[in-house]
Amino acid sequence: MARYVLRRLVYLVVQVFLVATVAFILIHLVPGNPVRAMLGQNAPEAQVRQVEHALGLDRPLLVQFAAWMGQVVRGNFGRSVVGGWSVLPEVMTRLGNTLELIAGAIIISVAVGIPLGTLAARRPNTTTDLVLSWVAMAGISLPNFVIGSVLLLLFAVHWHVLPQIEFVSWSKNPIEHLELLVLPCVTLAAASGAVVMRMMRSSLLEVTGADFMRTARAKGLSENAAVRRHAIKNALNPVVSILGLQVGALLGGTVIVETIYGWPGLSTLLLDAISNRDYPVIQGVVLAIAILTVLVNLTVDIVYAYLDPRIRYV
Amino acid sequence: MSSAVPRQEPDEHTEAASEPRGRWHRLLRNRRIQLGGGFILFAVLVAVLAPLIAPYHPNRLLGMPLLPPSPQHPLGTDNFGRDELSRLIYGARVSLSVSSLSIALAAVLGIPLGLCAGYYRGAVETIIMRAADVVLSFPTIVLAIAVVGILGPSFRDLVLVIGVVYAPPFIRIVYGATLRERESEYVQAAQSVGARNSYILFRVLLPNVLAPILVQASLGLGFAVLIEAGLSFLGLGTQPPTASWGDMISVARNFLNSDPLLLIWPSIAVSLLVLAFNTLGDGLRDVLDPRLKT
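This one's a predicted model, so the numbers in the text were calculated from it and none came from an experiment. (Residues numbered from 1 in each chain as written. Chains lettered and ligands numbered in written order. Predicted model: local features only at pLDDT ≥ 70, side-chain atom pairs only at ≥ 80, totals over all residues. Heavy atoms only, no water.)

## Here's the deal with the overall build of chain B
Secondary structure assignment for chain B yields 13 helices and zero strands. For chain B, the succession of helices and strands along the chain, N to C, is α-α-α-α-α-α-α-α-α-α-α-α-α. Across its three principal directions, the C-alpha atoms of chain B cover 75 × 55 × 30 Å. Here chain B holds 294 residues, and 51% of them are scored as buried. Sequence separation of at least 24 residues holds for 72% of the intrachain contacts in chain B that already meet a minimum separation of 6. As displayed, chain B offers around 14,100 Å² of accessible surface, 63% of which is attributable to carbon and sulfur atoms. Charged side chains of chain B number 23 positive and 20 negative; the gap between the two group centres comes to 1 Å. (Helix = DSSP H or I, 4+ residues; strand = E, 2+ residues; numbered from the N terminus. Buried < 20%, exposed > 50% of the residue type's maximum accessible area, 1.4 Å probe, protein only. Contact = heavy atoms within 4.5 Å. Areas by Shrake-Rupley, 256 points an atom, 1.4 Å probe, with all protein chains shown as cover. Lys, Arg positive; Asp, Glu negative; His and termini not counted. Charge placed at Lys NZ, Arg CZ, Asp CG, Glu CD.)

As structure tokens, then:
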């Protein structure tokens, strides 16, 4: 186990290095002169030179690359060109808000997906199963900007139930903050909840035929008790791992959800930076999101290797 | 002699020849494939025939904004007084062209790389698979937004970006299937008669890993429709005045109170198209790759 974790950690370093390289390349994708693009075509030449120098863009590419890596390693993600603030602290604040959404979505996915998946697996190929399979398909297929817009239409505009888009921080008013969390989390959870449900169904169906279930029935347990006490626990393993994989998808989903509900997370920071052509912020956010995804995947792999020792030898 | 009479001893040749036909038959009889494929066919027809069936030009300003549905405008008009139905019809062109071109690009990039990684193993495998991992470390839409945001929105860049970020799933699928097949006797047979590597990769291995590729392509098309609509929704995809479903949904959000229907039509269109691609993908998987059945 220790060797496996060590190997994965070494690989993690390589992966973060490569990911940071991609983030570094981003600014060089800008057509023409990135500083001109930021400051506008009519900016005076002297100012352009000055900003170029401040960003280090007037140095040779390899020197820039080394400097960028050196800064990233020391946790310095640069400064916003527009606001002048340091990128990393802002990224960390926004990251907290984004993680709140993801945590809420995971809780909802599990709370809804596991019972419904169990229900479908207990009645395979019945009308209930068929209806649930279409519900899951809809959850996966409906774009989150559609779900989000329709939910907003129904709740906020039609029924006047929830406050519309005005962010209230946790410290200011915890109750209102939680109320604000509901719709974005439900929107995010639609797809991941459906994935959890489908996985729970197929995994439970597979377990139902296992030897230990035959034993449980043979010793006189009712079908309900056998499923509750033996099958569900055994069926949860693949569900846990797919949930881990969903974190990446949820991070992607926050891009749209944060925009719709005006949630001040990482994605809104990214979109603002794009419209302001604030390249250091774009680089910082992309890097932060990628590192987060890599870390989550690593955690899932290690947990999975712990649960299933066969993985370690692959 | 009637073909319905069963033959006593089908020789190997006819059995091999009838197998693909049986497969086609099973494909067409699958309910999910019928539903998904049917709707996709319908959408493609609508997109191709758009100039013939749309009642108006999608960008023509008809003067009266936000009209309710009427015989002249079956779905009403939008905030600029353009016919909503016509824009919906032309929107299918954007969705289908971006998704099909980008997934074709992803397949063209991903299939050879996956075949090589699985067949040659060693350093080739390490380099290709690690590169795929790096692209996969970014949530697809985040990378797409960052690149499109930096390059500036254009049809060509949109296709390029989606194509590149969706290549790794193809690489992984093809790589996995190739690993399973490379030790097979038919591959060894081809090697032992001295077939060139390119022949083994594309003429021997590729046909045998086609099933998961088809499934992946179908799911990928649904995904690309989502990404295109999502980017347009954020204002980073197809630019106005070109009719695009994502952009229509985004604009409709400003008229939620007065004209909620403007939100509903394009939402239904995107959702049905994605649903159709996913349903088709699930059906293909059920028939072609039963091991992966969920």
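## Some thoughts on the interface of chain B and chain A
On the chain A side, the residues contacting the 38 residues of chain B number 42 residues. With both chains or domains summed, chain B and chain A bury close to 3,600 Å², and 78% of this area falls on carbon and sulfur atoms. Three residues, B:Ser137, B:Phe138 and B:Ile150, lead the burial of chain B against chain A; their summed loss comes to 17% of the area buried on that side. Where chain B meets chain A, there are one salt bridge. (Buried area = accessible area lost by both parts, 1.4 Å probe. Salt bridge = Lys/Arg side-chain N within 4 Å of Asp/Glu carboxyl O.)

## What about the nonpolar core?
Across soluble globular proteins, nonpolar side chains show a tendency to be buried alongside one another. Ranked by internal contacts, the top residues of the largest apolar core, which has 144 residues, are A:Trp68, A:Ile282, B:Ile145 and B:Phe170. Per element, the largest residue contribution to this core is 14 residues, and it comes from helix α12 (residues 279-307) of chain A. When we break this core down by domain, the ones giving at least three residues each are domain 1 (2-73) and domain 2 (91-307) of chain A. Once residues lying within four places of it in the same chain are set aside, the contact partners of B:Phe170 are B:Ile103, B:Ala106, B:Ala107, B:Gly110, B:Ile111, B:Ile213, B:Gln216 and B:Ala217. Counting residues in each nonpolar core, the second largest holds 16 residues, with A:Ile114, A:Ala121, A:Val207 and A:Val239 among its members. (Core = buried A, V, L, I, M, F, W, Y, C linked by side-chain atoms within 4.5 Å. Domains from an automatic or database assignment.)

## Thoughts on unusual backbone geometry
Residues and elements named next belong to chain A. Even without glycine at this site, Asn125 takes up a positive phi of about 60°. Look at Arg277: it is not a glycine, yet its phi comes out positive at around 55°. Considering the arrangement of structural elements, one finds Arg277 in the loop between α11 (266-276) and α12. Its relative accessible area of 33% is what places Arg277 among the partly exposed residues.

## As for the pattern of salt bridges
One side chain can pair with another of opposite charge once the charged atoms of both are near each other. For the coordinates displayed, the defined rule picks out 16 salt bridges over all chains. When the shortest N-O distance is used, the salt bridge between A:Arg201 and A:Asp129 registers 2.8 Å. A residue pair is termed long-range when its members are at least 10 positions apart, and A:Arg201 in helix α8 (residues 174-208) and A:Asp129 in helix α6 (residues 127-141) qualify at 72 residues. A salt bridge links B:Asp78 to B:Arg82; the nearest nitrogen and oxygen atoms lie 3.0 Å apart. The pair B:Asp78 / B:Arg82 is uniform in exposure class, with both members buried. Several salt bridges share partner residues, and in doing so they unite A:Arg198, B:Arg32, B:Asp282, B:Arg285 and B:Asp286 into one network.

## Observations concerning the domain arrangement of chain A
Residues and elements named next belong to chain A. Looking at chain A, the domain boundaries give domain 1 (2-73) and domain 2 (91-307). Computed over C-alpha atoms, the centres of domain 1 and domain 2 are 33 Å apart. Facing 20 residues of domain 1, the contacting portion of domain 2 comprises 14 residues. In this structure, the connection of domain 1 to domain 2 is made through zero salt bridges. Our count for the domain 1 to domain 2 interface comes out at two residue pairs in polar contact (both at pLDDT 80 or more). Per-class residue counts for the side of domain 1 that touches domain 2 are 18 nonpolar, one polar and one charged. (Polar contact = N/O pair within 3.5 Å; in protein donor to acceptor, adjacent residues only side chain to side chain. Nonpolar A, V, L, I, M, F, W, Y, C, P; charged D, E, K, R; others polar.)

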